[in-house]
Structure formats: C-alpha cells, structure tokens
Amino acid sequence: MSAVEQTRGPKPSGRGKLLAGVGVILAVVVVGGGIIQRQAHLGALRHQTEDAAIPRVQLISPGKGPSIRTLDLPGNISAWYLAPIYAQVSGYVRMWYKDFGAEVKAGDVLATIDTPGLDAQYAASKANFDVAMARYKLAQITAKRWKALQGTQAVSQQEVDVQAANAEAEQAQVEAARHEVSRYAALIGFKQIVAPFDGVVTSRLADVGDYVNAGGGDVSARGTATELFSVADVHRMRVFVSVPQDYADIISPKLTAEVTVPQHPGRVYKATFLATAGAFNATTRTVTTELTLDNSDRTLWPDSYATVHFRAPGDPDILVIPEGALIFRAEGMQVALVDEHNRIRLHNVTVGANLGTTVQIRGGLKATDRLVNNPSAGLLDGQEVRVVDATPGYNAQPAVANDSARTDDVRAMPNDRSGAEEAGARQ
C-alpha cells in the first residue's frame, strides 16, 4: 500500500453516507421547526397584546326610579312643651314637694320659698295704702266743707278749687298705693313654685335651705337666675331632623316617617310632618324639619337620639343610574355608552336628585342605552372596547330594586346580557 493511500484512509461506505444525510435532514427539520414555532409564538403574543390593549367594560342599563323614596337620618326627640322654672322672688327654699319623674298637674305646688324681706315689704305696702286712704278721706271731707262755703264771703273761689284739687291728688295717691299692694301680693304668690302645665318633672335643682335669686321674668337671665325645676309635657313628642339640601324636595305635608330609638330595639313609632324651617343652615346645608308622634304610653323621653326613616312619593318615570356610572369632565356631566360596534360614545346628561348611591337622569339618556358601569377616566370617544360579564359575587350588579326598596341603599342596574353575548359571538 502506497503512502498516498495510507494518508487518505478508507473510503466511507454507503451506510455511512445515508446516516450523514439523515443527520443533516434532522438538523434542518429541527431548526426549521424552531423557527416556525417561534414565529407562531410571536404571532400569538402579538395577538394577545393587541387583545389586551382593548379595554374590558361591563354594561348596565338605566332603571326606573322608585315610586316611594326613603331616607334614614339621625334625629333628636324633644318634649311637646319643656319649661325650665325659675324663682320670681329671692329667698330660701322652705320645702320641695315634687322630685324627679313626678307626674304633675297644672297648678301643683312644686316648692315654697321663704321670703322674710318680701313679707316685710308687703306689710309696709299695705300700711302705706292705709295712710293714703286716710289722707284721701280727710281731703274729701275738707273739700266738701269748702264747697259748702262757696259763694259766701268766708272763702274765696281759689281756696275752694285748691281743696278740690287736693282731694283728687290724695285719690291718686290711694290708687298708687293700691297698685303697690297688688304688686307685692303678686310676688307673695310666687313664693309657691307651681307647675305650668300637666307633665313630668325632669329635673329638680333646688334643695331645702338653698338661696335662690329672682329671675325677674327675663328668660335671658338664665345664666344668673336659679333654675329650680324643669317640667316637660310628654303626651306628644317633637322630632327634629336636619335634612340635607339634596333631599329637601321630599319635604311636604305628605311626608311620613318611622322613628326608632336604641332603648327600644325593634319598636317603630309613626311620625307625621309638622313644620319645616324653610331655610338652609349656611354651615351644614341642611334644613331643620319638625315631626310629631304620639307618646301616650310615656316610653319616649325628651332629648333622646333617634333614627328617622322617611317615606315620600317618588317618580318612577325618571331614569336612575349608579353614581359610579357618571364621568366628571370639562365638557360637563357625561356617561359612557357602547354602540352596536362596541365603540365608546361619550354622552352629556342632565343629572337630577341624588338618591344616595344612585342619581336621577332627567335628560340625555334612554332606557335602552347600553351604559358602561364604573367607566375609566381614560376612555375616549370612539375607542373600541370589549364587553365582559361581571364577576359573580364581586362586582356583579344586582337587579333594580322594587318600589319598596330604599334609595339610600345600593341601587345598581342589571347587566346587558344580550350585548355581552353579541360581543362574544363577534369574537
């Protein structure tokens, strides 16, 4: 064997060539399959990215407003009449006769006051009256005597007139003294503190031996005068409620309310409209509304906290939507509608009364419109969206409440299932 043949080595057999060809083909297939698979993955990823760029929205429909509007507000219960009783004379409390919670009738004596100074003044006024009466009688006798001598040379006409005028002056002194006696007699009557009306003694701030100052009949003297008792007429009660401006349209003589108090859970008291202030408080933007309710069984006490559940006629012809469906923009109040091509159409609406979690729409919306629930602030007019169903138990919208439902509870609109199914079919 030559050196050249030893260098070239043995020639490959036919089987070796076949294996080499198969290896090359496999390598080409693997590389080509990888490229194809990668291209498929890129296409799927591109499709998913484009699909994810389309916003998902949930649809609701406008609902009819309630025929009965309801509202829960805090209230304060006050007595029908409540009178803080003050002393009209200064002195010492001799005795009190009615304690806390005592049932009293008008004119019942609550306490008596010992007033030695006033008693002395009363006695002096009666003595002054007696003196004035004696002087008047003397002046009358003198005037009659001088009148009898009128026309004679014994007296002049001027002297007769002077005596007559003196009698009239003494009569005026008698009247003044009589009024003074009457004034002190009235003050003596105030030594007895009496109930002004039928009711219950809600407070007693006087005890035997306490010194009390005269109130002088001036209600503004409450800070200086001594309050002895408080008497409340509780056969009926007044309920004062501050109604927000948004709900002031429900206030009318037809307004009724159900009142509950913490000390009587489960019991409901019926209240009727009595009066309203007719003006809003500039600080709270509320109007004071007064209701009245019967308390013949004396279960309600003055100054109790209460929850007042209002019922007023509503208008079912006015559409309502959740507050979350509104969009606040520079163009005004808007809602996001979805057209038949699944594109957003921003539409201006006229908002009516706020019902709590829902609002009235007085213009710009139809009952058949497909409305986006909780629209994103980034939605643009004409933007394509994809309609999806609500997540059960999380953000599904309950059906529109019936007429007896409360407007201060969540009132959401039902999903537009037909629109969702149509969008799914197009996908």
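Residues numbered from 1 in each chain as written. Predicted model: local features only at pLDDT ≥ 70, side-chain atom pairs only at ≥ 80, totals over all residues. Heavy atoms only, no water.

By the naming in an unreviewed UniProt entry, the protein chain goes by Efflux RND transporter periplasmic adaptor subunit and is assigned to Gluconacetobacter tumulicola. Recorded in UniProt under Subcellular location (unreviewed entry), the annotation for the protein chain is "Cell envelope". Regarding the protein chain, the relevant UniProt record gives this comment under Sequence similarities (unreviewed entry): "Belongs to the membrane fusion protein (MFP) (TC 8.A.1) family." (UniProt positions renumbered as here; feature names shortened; annotations may be inferred.)

(A) Expanded view of the confidence of the model for the protein chain. For the protein chain, mean pLDDT is 81; residues scoring 70 or higher make up 81% of the total. Within the protein chain, strand E14 (residues 286–294) carries the highest mean pLDDT (95), whereas helix H5 (residues 417–426) carries the lowest (39). Counting contacts from residues 216–223, a segment whose pLDDT is below 50, to residues more than four positions away or on other chains yields 7 contacts. Confidence drops under pLDDT 50 across residues 398–427; counting only partners more than four residues distant or on other chains, this segment forms 71 contacts. (pLDDT = per-residue confidence, 0-100. Helix = DSSP H or I, 4+ residues; strand = E, 2+ residues; numbered from the N terminus. Contact = heavy atoms within 4.5 Å.)

(B) Up close: the sheet that holds strand E3 (residues 63–64). With antiparallel pairing, 4 strands are arranged side by side in an open sheet as E3-E16-E21-E20. Of all the strands in the sheet, the pair left with one neighbour each is E3 and strand E20 (350–354). As judged from the 2 bridges shared by E3 and strand E16 (residues 319–322), these two strands associate in the antiparallel manner. Bridge pairing in E16 links Lys 64 to Leu 319. (Pairing = 2+ DSSP bridges.)

(C) View of the pairing of strand E13 (residues 269–276). Here strand E12 (residues 256–260) runs beside E13; their pairing, made up of 4 bridges, is antiparallel. Each bridged residue has a counterpart across the sheet, and for Glu 258 the counterpart in E13 is Lys 270. With 5 bridges connecting them, E13 and E14 associate as antiparallel partners. By the bridge assignment for E14, Thr 272 is matched with Thr 292.

(D) Geometry of the packing of helix H3 (residues 116–148) against helix H4 (residues 157–189). Close contact between H3 and H4 brings their axes to 8 Å; oriented N to C, the two are set at 160°. The orientation of H3 relative to H4 falls into the category roughly antiparallel. Crossing hand, H3 versus H4: left-handed. Of the residues in the contact of H3 with H4, the class split is 19 nonpolar, 9 polar and 8 charged. (Axes fitted to C-alpha atoms, helices over the stretch in contact; angles between N-to-C directions. Parallel < 35°, antiparallel > 145°, perpendicular 65-115°, else oblique. Left-handed = near helix turned anticlockwise from the far one by under 90°. Nonpolar A, V, L, I, M, F, W, Y, C, P; charged D, E, K, R; others polar.)

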